[in-house]
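Coordinate analysis (summary)
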Amino acid sequence: MVCYPVGIRSLAFSLPSIKRTNDYYREKYPELIAQSEQKSLAKLFSVANSPSNEFDLNMLPYLQDPFRGTVQRWVLAPDESPLMLQERAAREALNAANLTPQEVDLMLVASIWPEKIGFGDAAFLARQLGLQGAAWNLDAACGVTPVALETACALVRSQEYRNVLVVISCSYSRFFDEDDTLSWFMSDGVGAFVVSSLAPNQGILGTKTIHTAALCDIFFAKLTEDEQGNPRVHMRMDKSANKAIRETAVGQLRMCCEGAVTAAGVTIDQVDFFIFNTSTAWAAQFCTQVLGIDIERTINLYPQYANIGPVITVANLYYAAQLNKIHENDLVLIYGLGAAGAASASVMRWGDVALGSVPHLDLDSILTNSSDRSFALC
């Protein structure tokens, strides 16, 4: 185990102002909904006849739903920007940790995608915050949250830096057209956390990170122009995506999670709570089944927030703490996976983590929906 206790000191989560329910798409795109429902039934029939692994089995109940278990998603308004959400989340995390921007020695920023094409957001956010320390961009696709945590902890442990601010951003709505059915599963948001030294025996105990080269070709970007002639990136998914994910998901999950608990000197059974990047409605059910753990030992906010890329991992972690599912000194495992990036797991002993306030925080909705089939199954 690590002798120098380093880990998360504070957490924050920021959302854009627009919430869209499924009714929005049903009313605006009835023909697309009808077409999607027909395709969903065809896919349901195909998979139901030959479910090949745990991924297929857990996906099966959602194939008849054109929204695949999504209930609502959050989208940037025209007058909002990813940088605005990043600044809000960063300041909330710093305030919760009782730190000023001047006390931040290093900021790590991961953005899917950056606000300006060709540049990461780190320097721009540093300017907004008035940071005096270093600011770096970090990339590991949707698996970047545990990678950023691992990186920040290593740098603090080396005593090169004392306080590291990590900002994880995702703005999918800017890179999908609204009439692209893939956009119905996507959200925007930002998570932030401060990594510092903690009390003895707390913080990161073990990690395991691998590359995801097997998923390099499932997503790609297409450069176009908007109505004003400015460059715009559109995200696309290759036809091979579902097959590649199904074939690799089990192995990546087991390798990282089993590797992290081994490095931490504990067992899966000793971990009190699990945090997964629930990028699909069935991700949590899939992960718990593969690892052989009870579904009550994790949380899934996919129905409430859809796929926010790596930010959904921070959201799950934030709400797990907010809802008192995680307590000080609990063993917590966090796992993230990103195509053409990394899969990574870390085991930490939870500290006295301060939480920033969250706009649109709706604990009643989350608790109410916890008994719904759409929430409980996923």
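Residues numbered from 1 in each chain as written. Predicted model: local features only at pLDDT ≥ 70, side-chain atom pairs only at ≥ 80, totals over all residues. Heavy atoms only, no water.

Digging into the pairing of strand E3 (residues 72-75)
Using the following cut-off: Burial classes: relative accessible area under 20% of the type maximum marks a residue as buried, over 50% as exposed, and values in between as partly exposed (1.4 Å probe, protein chains only). Helix and strand definitions follow DSSP, with helices as H or I runs of at least four residues and strands as E runs of at least two, each counted in order from the N terminus. One bridge is not enough; two strands pair if DSSP finds at least two bridges between them.
Residues of E3 alternate between two faces, with Gln72 and Trp74 on one and Arg73 and Val75 on the opposite face, all of them buried. As paired strands, strand E2 (residues 18-21) and E3 are joined by 4 bridges and run antiparallel to one another. By the bridge assignment for E3, Lys19 is matched with Trp74.

Thoughts on the packing of aromatic side chains
Our working rule: For this analysis, a ring pair means two rings from Phe, Tyr or Trp (six-membered ring only for Trp) whose centres lie within 6.5 Å, classed as stacked if their planes differ by under 30 degrees, edge-to-face if by over 60, and tilted for the remaining angles.
Enumeration according to the criterion identifies 17 aromatic pairs in this entry. Judged by centre distance (5.5 Å) and plane angle (75 degrees), the rings of Phe55 and Phe286 are edge-to-face. Here the residue Phe55 occupies a position in helix H3 (residues 54-59), and Phe286 occupies one in helix H8 (residues 283-291), the gap between them amounting to 231 residues. For the pair shown, Phe55 and Phe286 are each scored as buried. Members of the aromatic cluster, connected to one another through ring pairs, are Phe13, Trp74, Tyr305, Tyr318 and Tyr319.

What about helix H4 (residues 82-96)?
Using the following cut-off: Residue count minus one, scaled by 1.5 Å, sets the expected span of a helix. Note on contacts: a residue pair is in contact if any heavy atoms of the two residues lie within 4.5 Å.
Counted at 1.5 Å a residue, the expected span for H4 with its 15 residues is 21 Å, and the 21 Å between its end C-alpha atoms agrees. The set of residues buried in H4 consists of Pro82, Leu83, Leu85, Gln86, Glu87, Ala89, Ala90, Ala93, Leu94 and Ala96. In this fold, the buried residues of H4 make contact with strand E1 (6-14), strand E4 (106-112), helix H5 (122-129), strand E6 (164-171), strand E7 (188-197) and strand E14 (354-355). Once H4 finishes, Asn98 follows within two positions and takes phi at roughly 60 degrees, a positive value.

Some details on the nonpolar core
Convention followed: Joining through side-chain atoms within 4.5 Å is the link that ties buried Ala, Val, Leu, Ile, Met, Phe, Trp, Tyr and Cys residues into a set, and such a set is a nonpolar core.
With 97 residues, the main nonpolar core has Phe13 and Trp350 as its most contacted residues. Sorting elements by how many residues they give to this core places helix H10 (residues 311-322) first, with 9 residues. Counting 24 residues, the second largest nonpolar core, distinct from the first, contains Ala97, Val190, Ala192 and Val194.

Examining the side chain of Glu87
By secondary structure assignment, the location of Glu87 is in helix H4. Overall, Glu87 belongs to the buried group, its relative accessible area being 19%. Residues in contact with Glu87, not counting those within four places in the same chain, are Leu125, Gln128 and Leu129.

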